[in-house]
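Report on the structure
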Amino acid sequence: MAAPLPSPAFRHGEPPSPVGVLLANLGTPDAPTPAALRRYLAEFLSDPRVVEIPRLAWWPILHGIILRTRPAKSAAKYASVWMADGSPLLVWTQRQAADLQARLGAAGHAVQVRPAMRYGNPSIASAMEAFAAEGVRRVLVLPAYPQYSGATTASVFDAVTAWGRRTRWVPELRFVHQYHDDPAHIAALAASVRAHWARAGRGEVLVMSFHGMPERTLHLGDPYHCQCQKTARLLAEALGLTAGQWRITFQSRFGRAKWLGPATNETLVGLAQAGTRRVDVVCPGFSADCLETLEEIAQEGREEFLHAGGEAYAYIPCLNDDPAGMAALAALTAQHLAGWLPVAPDAPAERAAARQRALALGAAD
């Protein structure tokens, strides 16, 4: 391993530094173009947490087939959901970070919240470098995944520690693993569904679609499937749904391996063919709307359901910057910051004395 890079100079007697919160989501291309998608997919699909295939076997497939054919198709899909301010996932994550910082600041906490993407920009490394430049010595890593998975949550951990291996002064770190059964989070999800029903009416079945994973990950000990099941059950209970009024499904299958099921698209087609006229779909595994929700579920899912005989289809957006959802996230963050947030007033005289003692002992600054 190369020698650690220099850290910003330490200055004695400085006021207490703010606590950093790294709000990390999956990632996004810089633009809805084939070239940007090629860069993004190369980074994303090169992560061994994401594709657990030996590199010797996977590399020819990735570089010889996927990165030659998929970028153009994916770029067209991204273009169909791209927002005026950029990628939906990045826009919502930035808004969530700003809202979270405002809420914590209103509570009197000196906290600096930075958004970051595991793949693409702004990168986790750049966010950690910014914290270091600001003198932040304590960082709470908050992956924006309610359910833990090795392919998502653990990969954020990998990126943070990879940055740590390259820096001299590693900050004190805490890591939020999951919040899939947090009562306030479940309540916010339920409130968003009820609000949709109040505005647009209620479907016969509520489909709860989570991102899929290869089934082998469940057998290897990944808790993701179980946590998705619990989130769905708790949400159904909060909404007072009976067994026939909701389904849990998994979307975004890729490759030939067996994935967690039932599949969202097959379930939607099956419901329509069985006579269900109207469905609502919500994605409780996503903290913010993105390609997988806005294009795969809101667009493709609608087409599949209606083509199979359904009559009405509604996609219920993610929490995004919904006030109840952000209040729940702020409370969760404050809980994990316990003991880090200052409880005593700053003491400038004591800091000045400490600085003079350090200088007397030969400190440069």
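Look a little higher up for the structure.
Residues numbered from 1 in each chain as written. Predicted model: local features only at pLDDT ≥ 70, side-chain atom pairs only at ≥ 80, totals over all residues. Heavy atoms only, no water.

Description of the pattern of salt bridges
What counts here: The salt bridge definition used is simple: a Lys or Arg side-chain nitrogen within 4 Å of an Asp or Glu carboxyl oxygen. Helix numbering and strand numbering both begin at the N terminus, where a helix is a DSSP run of H or I of at least 4 residues and a strand a DSSP run of E of at least 2.
The tally for this structure, following the rule as stated, stands at 13 salt bridges. Arg-233 is the partner of Glu-237 in a salt bridge, and the nearest nitrogen-oxygen pair spans 3.2 Å. Within this pair, Glu-237 and its partner Arg-233 are both found in helix α8 (residues 224–239), separated by four residues, close to a single helical turn. A salt bridge links Arg-253 to Glu-266; the shortest N-O distance between them is 3.1 Å. One end of the pair, Arg-253, is in the loop between β6 (246–251) and α9 (264–273); the other, Glu-266, is in helix α9, with 13 residues separating them in the sequence.

Observations regarding the nonpolar core
Basically, it comes down to this: Each nonpolar core is a collection of buried residues, namely Ala, Val, Leu, Ile, Met, Phe, Trp, Tyr and Cys, held together in the definition by side-chain atoms within 4.5 Å. Note on classification: 1.4 Å probe, protein chains only; a residue is buried when its accessible area is under 20% of the maximum for its type, exposed when over 50%, partly exposed between these limits.
Core analysis: the biggest nonpolar cluster contains 32 residues, and Leu-22, Leu-45, Ile-124 and Met-128 have the highest contact counts within it. Every element with two or more residues in this core is listed here: β1 (19–28), α1 (34–44), α2 (55–81), β2 (111–120), α4 (124–133), β3 (138–143) and α5 (153–164). Ranked by residues supplied to this core, first place goes to α2 with seven residues. Counting residues in each nonpolar core, the second largest holds 25 residues, with Leu-189, Cys-228, Ala-236 and Phe-250 among its members.

Observations concerning unusual backbone geometry
Look at the link from Asn-121 to Pro-122: it is a cis peptide, with omega at -5°. The peptide bond linking Gly-261 to Pro-262 adopts the cis configuration, its omega dihedral lying at 5°. Unusually for a residue other than glycine, Ser-252 sits at a positive phi of about 65°. Counting through the fold element by element, Ser-252 comes out in the loop between β6 and α9. Among the residues examined, Ser-252 registers a relative accessible area of 15% and is labelled buried. Positive phi, normally seen in glycine, also occurs at Asn-320, with a value near 50°.

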